[in-house]
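# Structure at a glance
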Amino acid sequence: MIKKAMDFAERIFAGDGSGHDFDHTLRVYRMALRIAEEEGADLDIVALAALLHDVDDRKLSPETCEGKKRAVGFLQENGVNSDTIERIVQVISEISFSEGRGIPSTLEGMCVQDADRLDAIGAIGIARAFAFGGSRDRRMHDPKGLDKTSTIQHFYDKLLLLKDRMNTETGKRLAAQRDAYLREFLEEFYAEWDGKR
Ligand code: ADP
Ligand code: NI
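Residues numbered from 1 in each chain as written. Chains lettered and ligands numbered in written order. Predicted model: local features only at pLDDT ≥ 70, side-chain atom pairs only at ≥ 80, totals over all residues. Heavy atoms only, no water.

### So, the overall build of the protein chain
Secondary structure summary: the protein chain contains 10 helices and zero strands in total. Its helices and strands in sequence order give the protein chain the pattern α-α-α-α-α-α-α-α-α-α, from N to C terminus. In terms of overall dimensions, the protein chain is globule-like: its C-alpha atoms have a radius of gyration of 18 Å, near the 16 Å expected for 197 residues. Principal axes of the C-alpha set define a box for the protein chain whose edges measure 60 × 35 × 25 Å. The 197 residues of the protein chain split such that 45% are buried. In the protein chain, 62% of the contacts between residues at least 6 apart in sequence involve partners at least 24 apart. (Helix = DSSP H or I, 4+ residues; strand = E, 2+ residues; numbered from the N terminus. Rg over C-alpha atoms; globule rule 2.2 N^0.38 Å. Buried < 20%, exposed > 50% of the residue type's maximum accessible area, 1.4 Å probe, protein only. Contact = heavy atoms within 4.5 Å.)

Quick look at the structure:
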């Protein structure tokens, strides 16, 4: 089942440029399982929800986003019982609130949401942010702070806030390390920008 969900997600993300590529899905899957093991969550629900968490993403698939139709279709076709499908869809629906509104109502949801957020910070998060900005021809940084679409601005709008929005103890611990790395990166970035280092 896990292997099938991986293949399904890989096919959906082939050629996607929205920052929701298959590599992101695999990282979230690995991290969600690690958190779930430490937190004692249901590993099957977490694994499938992580693998399917972005297949109905609003940016990628606005027409299926509301009912998570791709995820549901995949699970039904593979004979997953309706109870389990409901639990998985609940996890996916609750984590995809962008920007941290809404705390997931289940431990499994908390694990997958934490894993998804961790992927936006640390070294990977920095790389994703600049890849995203580059794909939209955005400026890396505006020292005057007027360009609100610059990638550095995104650190302040979102990335630096994520550490305080983690749900699980494991997630909080990992986020603290990654957040420190973000702050170090910014300090070095500004120093190099100004020709100081
Ligand atoms: P999610 O759906 O998980 O909340 P998003 O779709 O908002 O994530 O973002 C996907 C990735 O693209 C993340 O790594 C995020 O930091 C990055 N990203 C989103 N918006 C911007 C932006 N304006 N500038 C730079 N990176 C961005
Ligand atoms: Ni995601």
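### Thoughts on helix H2 (residues 22-39)
With 18 residues, H2 extends 25 Å from end C-alpha to end C-alpha; this agrees with the ideal 26 Å at 1.5 Å per step. Burial in H2 covers these residues: Phe22, His24, Thr25, Leu26, Val28, Tyr29, Met31, Ala32, Leu33, Ile35 and Ala36. Buried residues along H2 sit against helix H1 (2-13), helix H3 (43-52), helix H7 (107-118), helix H8 (122-135) and helix H10 (169-193). Of the residues that open H2, the one with a side-chain oxygen 3.2 Å from the backbone nitrogen of Asp23 is Asp21. Gly40 sits one or two residues past H2 and shows a positive phi near 75°. (Expected span 1.5 Å × (residues − 1). Polar contact = N/O pair within 3.5 Å; in protein donor to acceptor, adjacent residues only side chain to side chain.)

### Here we look at the coordination of the nickel ion (ligand 2)
Protein-derived coordination of the nickel ion (ligand 2) comes from His24 (NE2), His53 (NE2), Asp54 (OD) and Asp116 (OD), at a distance range of 2.1 to 2.4 Å. Seen from the nickel ion (ligand 2), its four donor atoms lie at angles of 81 to 174°, and the figure they make is irregular. Residue His24 is classed as buried on the basis of its relative accessible area, which comes to 1%. (Donors = N, O, S within 2.8 Å, 3.2 Å for Na, K, Ca; no water. Tetrahedral: all angles 85-135°; square planar, octahedral: opposite > 155°, others 65-115°.)

### Some remarks on the side chain of Asp179
Its place among the elements puts Asp179 in helix H10. Residue contacts for Asp179: discarding those within four places in its chain leaves Leu160 and Lys163.

### Here's the deal with the environment of Met110
By secondary structure assignment, the location of Met110 is in helix H7. Under the relative-accessibility criterion, Met110 is labelled partly exposed at 22%. When the C-alpha positions of Met110 and Arg165 are compared, they lie 11 Å apart, and in sequence the two are 55 residues distant. Filtering out sequence-adjacent residues up to four positions away, Met110 remains in contact with Ile103, Pro104, Asn167 and Thr168.

### So, the packing of aromatic side chains
Tallying each qualifying case throughout the model produces eight aromatic pairs. These aromatic residues form a ring-pair network of at least three members: Phe130, Phe155, Phe185, Phe189, Tyr190 and Trp193. The ring of Phe132 is capped by Arg136, whose NZ or CZ atom sits 4.0 Å from the centre of that ring. (Phe/Tyr/Trp six-rings, centres within 6.5 Å; stacked < 30°, edge-to-face > 60°. Lys NZ or Arg CZ within 6 Å of the ring centre and 35° of its normal.)

### Remarks on the environment of Ala9
On the secondary structure map, Ala9 appears in helix H1. With a relative accessible area of 0%, Ala9 lands in the buried category. Between the alpha carbons of Ala9 and Gly67 there is a distance of 17 Å; along the sequence they are 58 residues apart. When near neighbours in sequence (up to four residues on either side) are disregarded, Ala9 contacts Phe22, Thr25, Leu51 and Val55.

### Remarks on the pattern of salt bridges
Under the counting rule described, the total for this entry stands at 14 salt bridges. A salt bridge links Glu38 to Arg34; its shortest N-O distance comes to 3.7 Å. With Glu38 and Arg34 both in helix H2 and four residues apart, this pair spans about one turn of that helix. Using a relative accessible area of 42% as the deciding quantity, one classes Glu38 as partly exposed. Between Glu169 and Lys172 there is a salt bridge; the shortest N-O distance is 3.6 Å. Taken together, the residues Glu169 and Lys172, both in helix H10 and three residues apart, mark about one turn of the helix. (Salt bridge = Lys/Arg side-chain N within 4 Å of Asp/Glu carboxyl O.)

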